Structure formats: C-alpha cells, structure tokens
Amino acid sequence: MKSLLIAMFIASPAFAAENKPAPRDLAVPMEVSVGSFEEDAAGVWDKVRQLIGESRTKRYGREISKAIAKHDPVSAQRALDEMLKNNPEIKTKEPYAINYHQGNINFWKKDFKGAYKEYSTIVKALELKYPNGVPPGGKYSEINAYFMSDAYFGRAASLLQLKKYPEAVEDLDKAISVTPHKRAALYVNKCRALFKMKEYGAAAESLDLAYGVTPIAVDSAQDKKHICEIFAKKSVQSKACSQEK
C-alpha cells in the first residue's frame, strides 16, 4: 500500500508534548526529465501538473496541521474544504487521509461522535487489510504503521470524551501494539481511562510507562497532580508521581 498520508500526515488530536517523529515534509521535485524532443509533450505536462497538485496538497495539509495544533477547527475545516474543492480527486486517491483530517477537526469541534465515526472508518479499513498490523520492511511501512496507531488513538480519544472507558482502553492497547516506536501519549491516555474506571494500580503502571518514554509528556499533563493525589490516597505507588513537586 502506498503511504496513506504521504502529503497530509499530521498528529492526532490529543497528542501533547509528544516525542513521535512526524514524517518529514518531502520536497516537491523541481525537475522533469524530458529525455528528447521526441518524448510525448502531453506526457511531460501531465507530470508537471501532478507535481503542482502535490505541492498544493502539501500546502493545504500544512495549513490544516497548523490549525489543529492551535486547536482551531474552524480554520482547519476551511482549509480542508478548500483543498477538496480545488483537488476533488483526493477523495478517491487519499480517502482515509480525508477521514483522518475530518476526525481531528470534529474532535476539536467537540463533535466526539462525529470524530469517532471518521476514525472508525479508517480503523475498519486498515484492520481488513492489516489484521495483524502493518508488516515491516515496506517502503511506507513505518508511516502507515504510525497512521494505523493514530487512527486507534484518535478513536480512543473520542471514546474517552464519550466516557466509554473500557472501549478506549481496548483501542489504546491496539494503538500501542502497532506503533513502530513507544509513544508516551498512548500510555498517558490509557492511564486516564483506567483512572476513570478506578483501576488505580493499572493506571499507575501505565503512567509510569509513559514517564519512562518521555517524562515531559507526563509532567506537562494538566491532570497529573490530581491523578497523583488520588494514587496517594489509595496507597498506590507511582514513580512518575514520586517526581511530583
């Protein structure tokens, strides 16, 4: 499978202080090999138009990305709508990228049911193609594995907001199992779901796993102090909480 988000990959909605290396923004090639005067001119122009289209797609993708990073779903929606208007073929070529963008936008609009629907569309398609996760070794294996992990994470984040905590834990476990590298935010949010379920021991374990990956992702969490206070009341030990000042 070609990279699902080669031009439009962005971070998941609730990733904060995350250490995940986002795929670098690939430069648009500026040269087109024409070979000789006998080469079909129409074919060359098709290549040029394709490169122009890719450049515009990436620009829109960056605009959507920046708006989501600022939690500005209105600007993100405007950029997505404009991209689809000017590049309608993307709906066919990159449908799951569109679902992903729309899911992120819905999430920050607080339309959590709408966000869940978009992420679920991606999850179902990827599970059908990759029932055991994205196999390693392919040209786009890593970026697609991140995408699959982010789709699970996005759905889990929506489930957390919908107070469906066991389902959120299930999706977070799947996100953890398919991601190419450990990611603190997955464990932080699993801690939150388990905490809401009052499974404090398991929640502390998940928080400590997050702390082991990226301490700042835990220390910067706004709810860390509250979680640690409850752990203390319940006599639950946590290395992450022992660092609380």
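Conventions and cut-offs
- Residues numbered from 1 in each chain as written.
- Predicted model: local features only at pLDDT ≥ 70, side-chain atom pairs only at ≥ 80, totals over all residues.
- Heavy atoms only, no water.
- Helix = DSSP H or I, 4+ residues; strand = E, 2+ residues; numbered from the N terminus.
- Buried < 20%, exposed > 50% of the residue type's maximum accessible area, 1.4 Å probe, protein only.
- Contact = heavy atoms within 4.5 Å.
- Areas by Shrake-Rupley, 256 points an atom, 1.4 Å probe, with all protein chains shown as cover.
- Expected span 1.5 Å × (residues − 1).
- Phe/Tyr/Trp six-rings, centres within 6.5 Å; stacked < 30°, edge-to-face > 60°.
- Salt bridge = Lys/Arg side-chain N within 4 Å of Asp/Glu carboxyl O.
- pLDDT = per-residue confidence, 0-100.
- Core = buried A, V, L, I, M, F, W, Y, C linked by side-chain atoms within 4.5 Å.
- Axes fitted to C-alpha atoms, helices over the stretch in contact; angles between N-to-C directions.
- Parallel < 35°, antiparallel > 145°, perpendicular 65-115°, else oblique.
- Left-handed = near helix turned anticlockwise from the far one by under 90°.
- Nonpolar A, V, L, I, M, F, W, Y, C, P; charged D, E, K, R; others polar.

A. Representation of the overall build of the chain in the model. For the chain, the count of helices and strands is 12 helices and zero strands. Of the regular secondary structure in the chain, the N- to C-terminal order runs α-α-α-α-α-α-α-α-α-α-α-α. The proportion of buried residues among the 245 residues of the chain is 47%. The long-range share in the chain, meaning contacts at least 24 apart out of those at least 6 apart in sequence, stands at 66%. With the model as given, the accessible surface of the chain reaches about 13400 Å², and the carbon-plus-sulfur share is 53%.

B. Quick look at helix α6 (residues 141–161). The end-to-end C-alpha separation of α6 is 30 Å, in line with the 30 Å expected for 21 residues at 1.5 Å each. Among the 21 residues in α6, 19 count as buried, and that is most of the element.

C. Examining the packing of aromatic side chains more closely. With the rule as written, the count across this model stands at six aromatic pairs. Measuring from centroid to centroid gives 6.2 Å for Y100 and Y119, while their planes differ by 65°, and the two rings are edge-to-face. Of this pair, Y100 sits in helix α4 (residues 95–108) while Y119 is found in helix α5 (residues 112–129), placing the two residues 19 residues apart along the sequence. Per residue, the accessibility class of Y100 equals that of Y119, and both read buried. Here F195 and Y200 contribute two aromatic rings whose centre-to-centre distance is 5.5 Å and whose plane-to-plane angle is 70°, an arrangement assigned as edge-to-face. An aromatic cluster is built from Y100, Y119 and F147, whose rings are joined through pairwise contacts.

D. The pattern of salt bridges, seen in detail. Across all of its chains, the model carries seven salt bridges by this definition. The closest approach of N and O atoms between K174 and E127, which form a salt bridge, is 3.7 Å. Linking K174 in helix α7 (residues 165–178) with E127 in helix α5, this pair joins segments that are 47 residues apart in sequence. Of the charged contacts in the structure, one is a salt bridge between R183 and D150, with a shortest N-O distance of 2.4 Å. Linking R183 in the loop between α7 and α8 (184–196) with D150 in helix α6, this pair joins segments that are 33 residues apart in sequence. D150 shares its class with R183; the two are buried. Each of E127, E170 and K174 takes part in salt bridges that share partners, so that together they form one network.

E. Focus on the confidence of the model for the chain. With 76% of its residues at a pLDDT of 70 or more, the chain has an overall mean of 79. The model gives residues 1–53 a pLDDT under 50, and that stretch makes 106 contacts with residues more than four places away or in other chains.

F. Examining the nonpolar core more closely. M148, F195, L207, V218 and F231 are the most contacted members of the largest nonpolar core, which has 50 residues in total. Considering each element in turn, this core owes the most residues, 10 residues, to α6. Ignoring any residue separated from it by four or fewer positions in sequence, one finds F195 in contact with Y200, A203, H226, I227, I230 and F231. Formed by 12 residues, the second largest nonpolar core is a distinct cluster that contains A67, I68, M83 and I105.

G. Inspection of the environment of N104 at higher detail. Tracing the chain through its elements places N104 in helix α4. Along the primary structure N104 and P73 are separated by 31 residues, whereas in three dimensions their C-alpha atoms are 8.1 Å apart.

H. Fine view of the packing of α8 against helix α11 (residues 224–233). For the pair α8 and α11, the least separation of the axes is 12 Å and the interaxial angle reads 50°. By the criterion of interaxial angle, the relationship of α8 to α11 is oblique. As α8 packs across α11, the resulting crossing turns out to be left-handed. On α11, the residues touching C191, R192 and F195 of α8 are H226, I227, I230 and F231. Across the contact of α8 with α11, the residue classes break down as five nonpolar, one polar and one charged.

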